[in-house]
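So the chains spell out like this:
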Amino acid sequence: MSLKKSILLIFIILLIDQVSKIYIKTHFVIGDDVEIFKWFRIYFIENDGMAWGTKISDFIPFISDRTAKLSLTIFRVVAIFGIGYWLYDVTRKQSSKILVVSVAFIFAGALGNIIDSVFYGAIFNDSYGQIASFLPEEGGYDTLFHGKVVDMLYFPIWKGYLPEWIPYYGGKYFTFFEPVFNIADVAISTGFGLLIVFNKKAFSKE
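Rules used in this analysis
- Residues numbered from 1 in each chain as written.
- Predicted model: local features only at pLDDT ≥ 70, side-chain atom pairs only at ≥ 80, totals over all residues.
- Heavy atoms only, no water.
- Pairing = 2+ DSSP bridges.
- Helix = DSSP H or I, 4+ residues; strand = E, 2+ residues; numbered from the N terminus.
- Buried < 20%, exposed > 50% of the residue type's maximum accessible area, 1.4 Å probe, protein only.
- Polar contact = N/O pair within 3.5 Å; in protein donor to acceptor, adjacent residues only side chain to side chain.
- Axes fitted to C-alpha atoms, helices over the stretch in contact; angles between N-to-C directions.
- Parallel < 35°, antiparallel > 145°, perpendicular 65-115°, else oblique.
- Left-handed = near helix turned anticlockwise from the far one by under 90°.
- Contact = heavy atoms within 4.5 Å.
- Nonpolar A, V, L, I, M, F, W, Y, C, P; charged D, E, K, R; others polar.
- Core = buried A, V, L, I, M, F, W, Y, C linked by side-chain atoms within 4.5 Å.
- Expected span 1.5 Å × (residues − 1).
- UniProt positions renumbered as here; feature names shortened; annotations may be inferred.
- Salt bridge = Lys/Arg side-chain N within 4 Å of Asp/Glu carboxyl O.

Bringing the sheet that holds strand 2 (residues 40-47) into the picture now. Sheet architecture is open: four strands sit in the order 1-2-3-6, paired in antiparallel fashion. Looking at the sheet topology across the chains shown, the edges are occupied by strand 1 (33-37) and strand 6 (180-181). Of the strand pairs in this sheet, strand 2 and strand 3 (residues 149-154) are connected by five bridges, and their pairing is antiparallel. By the bridge assignment for strand 3, Arg41 is matched with Tyr154.

Written as structure tokens, this is what we have:
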């Protein structure tokens, strides 16, 4: 797979990701919930941390949330250059198509969430109790590098009380699948999933 085709794939993923996020941000208020199917909902939340809303400050308590957020965003920006070089390298070496596609998915997903983290705080106002505006006159809800990632895909496939015989969680109310995520997260997970499932083919020396 050529670099040009990889870039086209990345562009398509980014376009879908950003269009969906901008639509949600400019049409929904935080916490708005629309049922599509019983097992799939559009549920608008914002995530200013890592996966599942985890923050660096959860692990390093002596730094502030803002410093932790800035550090995470800068780390993501640095990491995207590394992933970008990886993509360039695998296309230059004409590596297996599955490897190139996987890296392209990971790159697109990482870049999609970086756009939120870097720019959304400066170009949107907040979504608490109001629908956000793009480039509001009063300015954004925060500064560059302090934006929050927009999440909206929610799949509560099963909800109920777990059997009592299950250790620790028995008898507790449980939702599967509880995390809320976005298209960029799907792309990253797809990329890593392909690498795991097709590991031998992806890293074949042939």
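The subject of this paragraph is the side chain of Gln18. If you trace the backbone, Gln18 turns up in helix 1 (residues 3-27). The exposure class assigned to Gln18 is buried, which follows from its relative accessible area of 12%. Within polar-contact distance, the side chain of Gln18 engages the side chain of Asp116 at 3.3 Å.

So, about the packing of helix 3 (residues 65-92) against helix 4 (residues 97-123). The N-to-C vectors of helix 3 and helix 4 enclose an angle of 155°; their axes lie 9 Å apart at closest approach. When the interaxial angle is binned, helix 3 and helix 4 end up roughly antiparallel. In the packing of helix 3 onto helix 4, the handedness of the crossing is left-handed. Contacts between helix 3 and helix 4 involve Lys69, Thr73, Arg76, Val77, Ile80, Ile83, Gly84, Trp86, Leu87, Val90 and Thr91 from the former and Leu99, Val100, Val103, Ala104, Ile106, Phe107, Ala110, Leu111, Ile114, Ser117 and Val118 from the latter. Counted by class, the contact of helix 3 with helix 4 contains 16 nonpolar, four polar and two charged residues.

Another point: the nonpolar core. Ile10, Ile83 and Leu87 are the most contacted members of the largest nonpolar core, which has 25 residues in total. Those elements that provide at least two residues to this core are helix 1, helix 3, helix 4 and helix 5 (183-197). Looking at which element gives the most residues to this core, the answer is helix 4, with 13 residues. The contacts of Ile10, once residues within four sequence positions are left out, are Leu87, Ala104, Phe107 and Ala108.

Turning to helix 3, a few remarks are in order. Compared with an ideal rise of 1.5 Å per residue, which puts 28 residues at 40 Å, helix 3 spans 40 Å between its outermost C-alpha atoms and is within 8% of the ideal. Taken residue by residue, helix 3 has Ala68, Lys69, Leu72, Thr73, Arg76, Ile80, Ile83, Leu87, Asp89, Val90 and Thr91 as its buried positions. Just downstream of helix 3, Gln94 is the residue with a positive phi angle, here 55°.

With numbering aligned to this structure, UniProt lists the feature "transmembrane region" (unreviewed entry) at residues 70-88, 100-123 and 180-198. Measuring from the first to the last C-alpha atom of residues 180-198 gives 27 Å, for a span that is 79% helix and 11% strand.

On to the pattern of salt bridges, then. Inspection of every chain in the model, using the stated rule, returns eight salt bridges. We note a salt bridge from Arg41 to Asp33, for which the minimum N-O separation is 2.8 Å. The partner of Glu35 in a salt bridge is Arg41, with the nearest N and O atoms 3.0 Å apart. Of the residues examined, Glu35 reaches a relative accessible area of 47% and is grouped as partly exposed. In the salt-bridge network here, residues are joined through shared partners; they are Asp17, Lys21 and Asp116.

Mapped onto this structure's residue numbering, the UniProt feature "active site" (unreviewed entry) falls at Asp151 and Asp185. These residues run over 35 residues, yet every pair of their C-alpha atoms falls within 9.0 Å of each other. Locating Asp151 in the fold gives a position in strand 3. Owing to a relative accessible area of 2%, Asp151 belongs among the buried residues under this scheme. Position of Asp185 relative to the elements: it lies in helix 5. Ignoring any residue separated from it by four or fewer positions in sequence, one finds Asp185 in contact with Asn113 and Asp151.

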